[in-house]
Amino acid sequence: MNNQSTHQGIAGFLLLKMLRLLLLVAAVATLSFVLVSSSPVDPVDAYVGAAMLKVSPEQHEIIAHHWGLDKPPAERFFSWARQIASGDFGVSTIFNEPVLSVICKRFVTSFWLMALAWSISGAIGFGLGMSAGAWEDTLLDRAIRLYAYTMASTPIFWVGMLMLMTFSVSLGWTPVCCAWPLGLSAEQATFWQRLHHLLLPAITLSLTGIAQITLHTREKTIAALRSDYAVFAHAQGETTAGIVFRRALRNVALPAVTLQFASLGELFGGAVLAEQVFAYPGLGRTTVEAGIRGDIPLLLGIVLFSTIFVFTGNFMADLIYQLVDPRIQKTAGGASP
Amino acid sequence: MLDIRDLSVSFTSYSFGLKRMEVCVVRGLDLSIAPGQIMAVIGQSGAGKSLLAHALLGILPRNARVEGQMSFKGKPLTPYRLSALRGREIALIPQSVTALNPLLRVGGQVTRAALLSGISKKEAPATVRQAFVRYLLPKGVAAWFPRQLSGGMARRVLTATATVGMADLIIADEPTNGLDPITARESLGHLRELADTGKAVLLITHDIEAALQVADMVTVFHAGATVEVARAEDFKEPGNLRHPYTKALWNALPANNFVGTMKPIARASNADGCPLQFCCNDQDSVCGQSVPMLKRSGAGWVRCHHA
């Protein structure tokens with residue numbers, strides 16, 4: 001394998017992805033700015049909040065003028081974009097804190113939730129999918145499929161509520177809300193306390209996430225078992241389990257990894273709902289708050305952040321394919337012995 | 001070594017979900033093969049050749065049913081015995097490089113075949129190295145992926161994979177398919193070498209000329225049944241051939257000016273009587289009444305009322 005050309009291939013790939021990310025962020029920024037400017041949310045009212053009645057129309061106008069709200073939309077957009085480009089996302093009106101620091105803090109809380117849910121659903125879903133595919137049409141397969149189809153068509157907030165009622169209210173095994181015990185701050189809580197609070201939302205989030213990866217892996221496993229190489233392996237005396245877990249593992253795992261990374265968008269969406277149900281103070285819950293209370297700087301910041309987050313997921317999937325799949329190295333590096 | 005009597009393979013399928021249908025693909029197949037011999041099984045596409053290979057290895061899909069007597073080394077070949085024998089004493093050389101997993105390195109796949117054939121973990125690397133040397137595969141090839149192999153190399157890797165163990169019966173499924181004449185001859189030469197070391201080789205192909213280069217015996221296979229068993233040298237003189245279908249095949253060879261003497265097969269016959277009754281030139285009223293039995297004829301066998 002010609003290493004230099006492989007490196008060139010990877011460098012070109014990274015450059016192209018960076019360009020794509022820039023274009024994507026620009027497009028999302030423009031679109032969300034248009035949406036926000038045509039929404040009925042008045043930034044001054046949202047900022048003033050409950051004190052709205054005490055503010056006279058003249059004072060309202062002065063604030064608007066001070067913020068440049070009387071300028072044409074295009075001019076406002078470019079001054080906003082310039083600031084974003086220089087890393088200034090503004091100040092969140094509901095937290096009274098720079099948007100970036102709010103996002104960072106909340107994302108760390110969400111990150112553990114999503115990481116746990118993502119790993120659980122990935123590992124269990126992949127295992128279930130392979131087993132179902134290997135023993136197609138057996139009782140095991142039917143049971144796994146029933147579970148997957150049920151979960152794929154069940155709203156996550158409803159599962160969350162059932163989980164809360166069962167494990168937190170009736171059984172009392174898990175806490176009812178929050179990411180750490182009430183009355184403590186994030187720093188005071190121990191690792192075990194945090195894990196205890198994390199468990200139920202993470203399991204809820206993964207329960208539904210398992211469905212997709214299971215069904216996908218099942219299909220890929222069945223296809224692998226019908227392939228020429230599986231027939232040849234069988235002729236060599238390999239058992240079905242041997243074919244699935246020894247020969248086809250890589251062929252099935254590669255697309256599964258891609259899917260799992262590409263599902264980060266759905267994971268984020270699921271986290272918004274799960275955090276709402278479990279009153280878990282992560283980025284998802286913050287998004288809902290920012291929306292309801294008209295915190296426009298924070299909302300726009302989260303939109304851009306989630307764009308990059310989902311893009312990173314897809315990028316990771318592509319990158320892993322580049323590094324692991326020998327068939328792709330050929331086109332990327334043009335190297336053949 | 002291997003003896004097959006009246007083998008039939010049928011598939012059950014459900015049309016429109018409810019109606020059960022049984023389709024018989026191979027019936028009345030007779031075949032026997034001795035150690036040190038290459039038996040060529042010749043048949044046109046769709047005659048059920050690959051099914052025969054899969055039936056011999058017991059790797060047909062679940063909805064297939066196999067009937068008839070098979071015996072291997074004198075003992076009956078039951079599905080249970082088959083699952084112990086395949087890969088160890090009966091090995092398959094598959095048709096194309098797609099039989100190798102595209103994502104795994106060639107060396108690893110050959111090693112796995114060696115382990116499955118009963119070679120111990122300790123001896124496997126040396127055995128695989130020997131197999132690579134035997135088939136003129138450079139050492140570095142072990143680290144390649146299947147897509148990096150050339151056509152001829154791929155054939156040698158497949159042959160190495162099948163013969164890395166000590167299998168006594170080698171089934172080669174279309175070993176010359178899609179190969180240039182030189183590579184095809186090389187591939188057939190390897191089969192001859194294997195037979196000369198005392199193994200039995202079953203060469204399944206539609207390519208009569210290629211088969212005749214190396215085979216000792218030829219079984220002509222049509223519509224899932226054996227129509228004639230002949231010695232390879234019988235094909236040198238068309239008068240020695242017994243069955244009208246075999247004669248027609250011989251006449252249609254490029255060397256014999258592609259003369260088509262038999263009508264094209266318009267429909268498969270599932271009715272009583274000889275499967276070839278609608279296209280055969282020698283047919284008369286007897287042909288429609290019963291399926292001819294396979295009967296001895298000189299050094300071979302023939303299934304025809306008139307031979």
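Residues numbered from 1 in each chain as written. Chains lettered and ligands numbered in written order. Predicted model: local features only at pLDDT ≥ 70, side-chain atom pairs only at ≥ 80, totals over all residues. Heavy atoms only, no water.

Considering helix α7 (residues 156-170) of chain A
All names here are of chain A. Relative to the 21 Å expected for 15 residues at 1.5 Å per residue, α7 spans 20 Å between its end C-alpha atoms, a close match to the ideal helical length. The largest bend in α7 amounts to roughly 30° and is located at L164. Of the residues making up α7, those classed as buried are I156, V159, G160, M163, L164 and S168. Contacts from the buried residues of α7 go to α6 (139-152), α8 (191-225) and α12 (264-278). Backbone geometry just downstream of α7 places G172 in the positive-phi region, at approximately 70°. (Helix = DSSP H or I, 4+ residues; strand = E, 2+ residues; numbered from the N terminus. Expected span 1.5 Å × (residues − 1). Bend = angle between axes of the 7 residues up to and from the residue. Buried < 20%, exposed > 50% of the residue type's maximum accessible area, 1.4 Å probe, protein only. Contact = heavy atoms within 4.5 Å.)

Some thoughts on the packing of aromatic side chains
Centre-to-centre distance and the angle between the planes together describe a pair of aromatic rings. Residue and element names in this part refer to chain A. Scanning the entire structure with this criterion turns up 13 aromatic pairs over all chains. Between F107 and F305, the aromatic rings sit 4.8 Å apart at their centres with planes inclined by 70°, giving edge-to-face as the arrangement. Of this pair, F107 sits in helix α5 (residues 99-134) while F305 sits in helix α14 (residues 296-324), placing them 198 residues apart in sequence. Residue F107 is classed as buried on the basis of its relative accessible area, which comes to 16%. Where F107 meets F309, the ring centres are 5.7 Å apart and the plane angle is 75°; that geometry is what we call edge-to-face. Of this pair, F107 sits in helix α5 while F309 sits in helix α14, and the two are 202 residues apart along the sequence. (Phe/Tyr/Trp six-rings, centres within 6.5 Å; stacked < 30°, edge-to-face > 60°.)

Examining the side chain of H190 of chain B
Counting through the fold element by element, H190 of chain B comes out in helix α6 (residues 181-196). Judged by its relative accessible area of 9%, H190 of chain B falls in the buried class.

Regarding the sheet that holds strand β4 (residues 64-72) of chain B
All names here are of chain B. As summarised here, the arrangement of the four strands in space is β2-β1-β4-β5, forming an open sheet in which the pairing is antiparallel. The open sheet terminates on both sides in strands that have one partner only, identified here as β2 (19-33) and β5 (75-76). Examined bridge by bridge, strand β1 (residues 2-15) and β4 share eight bridges and lie antiparallel to one another. The partner of S8 across the bridge, within β4, is E67. Helix-sheet contacts for helix α1 (residues 49-57) involve β1, β2 and β4, and the interaxial angle to β1 is about 105°. (Pairing = 2+ DSSP bridges. Axes fitted to C-alpha atoms, helices over the stretch in contact; angles between N-to-C directions.)

Considerations on the pattern of salt bridges
All names here are of chain B. Across all of its chains, the model carries 22 salt bridges over all chains by this definition. Between R242 and E228 there is a salt bridge, with the nearest N and O atoms lying 3.0 Å from each other. Taken as a pair, R242 in the loop between β10 (225-231) and α8 (244-251) and E228 in strand β10 lie far apart in primary sequence, 14 residues in all. When its relative accessible area of 0% is taken as the criterion, E228 is described as buried. (Salt bridge = Lys/Arg side-chain N within 4 Å of Asp/Glu carboxyl O.)

Regarding a nonpolar patch on the surface
Residue and element names in this part refer to chain A. Side chains of F157, W158, M161, L162, M165 and L273 sit close together on the surface and give an oily, nonpolar patch of about 570 Å² of accessible area. Locating L162 in the fold gives a position in helix α7. By relative accessible area, which is 35% here, L162 ends up partly exposed. (Patch = residues over 30% accessible without salt bridge, like charges linked within 9 Å, V, L, I, M, F, W, Y side chains within 5 Å. Areas by Shrake-Rupley, 256 points an atom, 1.4 Å probe, with all protein chains shown as cover.)

Description of the environment of E67 of chain B
All names here are of chain B. Mapping E67 onto the fold places it in strand β4. Distance in space between the C-alpha atoms of E67 and V26 is 9.8 Å, their sequence separation being 41 residues. Ignoring any residue separated from it by four or fewer positions in sequence, one finds E67 in contact with D6, L7 and S8. Here R65 takes part through its side chain, which lies 3.3 Å from a polar atom of the side chain of E67. (Polar contact = N/O pair within 3.5 Å; in protein donor to acceptor, adjacent residues only side chain to side chain.)

Re the packing of α12 of chain A against helix α13 (residues 283-292) of chain A
Residue and element names in this part refer to chain A. At a minimum axis distance of 7 Å, the contact between α12 and α13 shows a crossing angle of 80°. Taken together, the axes of α12 and α13 are roughly perpendicular relative to one another. Across the interface between the two elements, F268, V272, E275 and Q276 from α12 touch L283, G284, R285 and V288 from α13. Across the contact of α12 with α13, the residue classes tally to four nonpolar, two polar and two charged. (Parallel < 35°, antiparallel > 145°, perpendicular 65-115°, else oblique. Nonpolar A, V, L, I, M, F, W, Y, C, P; charged D, E, K, R; others polar.)

Examining the nonpolar core
Core analysis: the largest hydrophobic core is formed by 96 residues, its most contacted members being I4, L52, I171, L191 and L202 of chain B. With near-sequence residues (within four places) excluded, L191 of chain B lies in contact with I38, I93, A172, P175, V201 and L203 of chain B. (Core = buried A, V, L, I, M, F, W, Y, C linked by side-chain atoms within 4.5 Å.)

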